[in-house]
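Understanding the architecture of this molecule
Residue-level listing of the chains:
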Amino acid sequence: MNTIAVEQLSDRVVVTLDREKQRNAIDAEMIAELHEVCALIEQDPRVLILTGKGDHFAGGADINQLRARTRDDALRGINRNLFDRIAALPLPTIAAIKGYALGGGAELSYACDIRIASATAVFGNPEPGLGIMAAAGASYRLPELVGVSVAKQVLLGGRMLDADAALRSGLILEITEDPLSAAQKVADRIVKQSPLALKLTKKILDAPGSHPWADDIAQAVLFETEDKRRRMTAFLEKTT
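Labelled according to an unreviewed UniProt entry, the chain appears under the name Enoyl-CoA hydratase/carnithine racemase, originating from Rhodococcoides kyotonense.

Okay, here's the thing in structure tokens:
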């Protein structure tokens, strides 16, 4: 890996975007390497933690490469396909953010299930100022995360969300001096839970519309597992 550092543990994978001199701008090589990480996690499901090296999470996509992209490149959905793949990973994903999460960097963070930020964090999508749009998931993820009004302020009005605004809007879980350490603690809580219950809950949460029947089916599957019986028995024995 040339653009990211990957730490594989038994229950989680920690990925650090590692183009510090470029504020961890997302280029084609980083996209390819993150696809490799996704393939690893799809084969062996684990929690994913994403962070950036140095003072920033990701200052956007690589503008030199973006300038050269054509209509056909746009129709291939280069960044969007990766971010959709990250969003669809079976177990929860966490972004630990310091400094800039702009453009493609913001959209990468939106694709994660949980975001934790330092006081220096800034979220924004300045793409229209460069003659393009935020087309890697912001149009359908950000309204779900912060509401349509705030999403329009960001995507149309050029508003940047600092850490306090991001917290008020529900975009981030908390503001902390060390987002990566906080993300590890959240991951510690996550991995204590039932993997299958987490997978099904994430599927249900991400499915569009109202789907009570799907909830019932997922719960029916979980009710029949040995893991459910073991966990509930342990809980009852502990409380008595």
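Thoughts on the overall build of the chain
The secondary structure content of the chain amounts to 12 helices and eight strands. For a compact globule of 240 residues, the expected C-alpha radius of gyration is about 18 Å, and the chain comes in at 19 Å, within 12% of that figure. For the chain, the spread of C-alpha atoms along the three principal axes comes to 60 × 35 × 35 Å. Within the chain, the fraction of its 240 residues that count as buried is 44%. The long-range fraction of contacts in the chain, counting pairs at least 24 apart against all pairs at least 6 apart in sequence, stands at 68%. Surface accessibility of the chain: about 12800 Å² in total, with carbon and sulfur atoms responsible for 55%. Within the chain, one finds 29 positive and 32 negative side-chain charges whose respective centroids are separated by 1 Å.

Some words on the side chain of D27
Its location among the elements puts D27 in the loop between β2 (12–17) and α1 (28–43). Using a relative accessible area of 7% as the deciding quantity, one classes D27 as buried. Among the polar contacts made by the side chain of D27, one reaches the main-chain amide nitrogen of M30 at a distance of 2.9 Å. The contacts of D27, once residues within four sequence positions are left out, are T3, R19, D62 and Q65.

Describing the sheet that holds strand β3 (residues 47–52)
Pairing is mixed in the open sheet, where five strands are placed in the order β1-β2-β3-β4-β6. On the outer flanks of this sheet lie β1 (4–8) and β6 (114–117), each paired with one strand and no other. Going across the sheet, the axis of each strand differs from the next one's by a mean of 15°, ignoring polarity. Sheet analysis places β3 next to strand β4 (residues 93–97), joined by four bridges and oriented parallel. When the sheet's bridge partners are listed, T51 is paired in β4 with A96.

Re a nonpolar patch on the surface
Together, L196, W213, I217 and V221 give the surface a local cluster of nonpolar side chains, amounting to about 400 Å² of exposed area. Examining the composition of the nonpolar patch, we find that three residues originate from one element, helix α11 (residues 212–223), more than from any other. By the element assignment, I217 lies in helix α11.

A short note on the domain arrangement of the chain
What the domain assignment reports for the chain is domain 1 (4–191) and domain 2 (193–237). The straight-line distance from the C-alpha centre of domain 1 to that of domain 2 is 28 Å. Counting residues at the interface gives 12 residues for domain 1, matched by six residues for domain 2. Of the roughly 650 Å² buried between domain 1 and domain 2 on both sides combined, carbon and sulfur atoms contribute 51%. The largest share of the area that domain 1 buries against domain 2 comes from P90, L91 and I190, three residues that together contribute 50% of it. Seen at the junction of domain 1 and domain 2, the total is one salt bridge. The salt bridge partner of K202 is D113, with a shortest N-O separation of 2.9 Å. Along the contact surface separating domain 1 from domain 2 lie six residue pairs in polar contact (both at pLDDT 80 or more). Among the residues forming the side of domain 1 that touches domain 2, the class breakdown is nine nonpolar, one polar and two charged.

Remarks on unusual backbone geometry
For R23, which is not glycine, the phi dihedral falls at a positive 55°. Summarising the element assignment, R23 is placed in the loop between β2 and α1. For R23, a relative accessible area of 44% corresponds to the partly exposed category. Even without being a glycine, N24 presents a positive backbone phi close to 60°. N24 gets classed as buried once you look at its relative accessible area, which sits at 0%.

Scoring rules and cut-offs
Residues numbered from 1 in each chain as written. Predicted model: local features only at pLDDT ≥ 70, side-chain atom pairs only at ≥ 80, totals over all residues. Heavy atoms only, no water. Helix = DSSP H or I, 4+ residues; strand = E, 2+ residues; numbered from the N terminus. Rg over C-alpha atoms; globule rule 2.2 N^0.38 Å. Buried < 20%, exposed > 50% of the residue type's maximum accessible area, 1.4 Å probe, protein only. Contact = heavy atoms within 4.5 Å. Areas by Shrake-Rupley, 256 points an atom, 1.4 Å probe, with all protein chains shown as cover. Lys, Arg positive; Asp, Glu negative; His and termini not counted. Charge placed at Lys NZ, Arg CZ, Asp CG, Glu CD. Polar contact = N/O pair within 3.5 Å; in protein donor to acceptor, adjacent residues only side chain to side chain. Pairing = 2+ DSSP bridges. Axes fitted to C-alpha atoms, helices over the stretch in contact; angles between N-to-C directions. Patch = residues over 30% accessible without salt bridge, like charges linked within 9 Å, V, L, I, M, F, W, Y side chains within 5 Å. Salt bridge = Lys/Arg side-chain N within 4 Å of Asp/Glu carboxyl O. Domains from an automatic or database assignment. Buried area = accessible area lost by both parts, 1.4 Å probe. Nonpolar A, V, L, I, M, F, W, Y, C, P; charged D, E, K, R; others polar.

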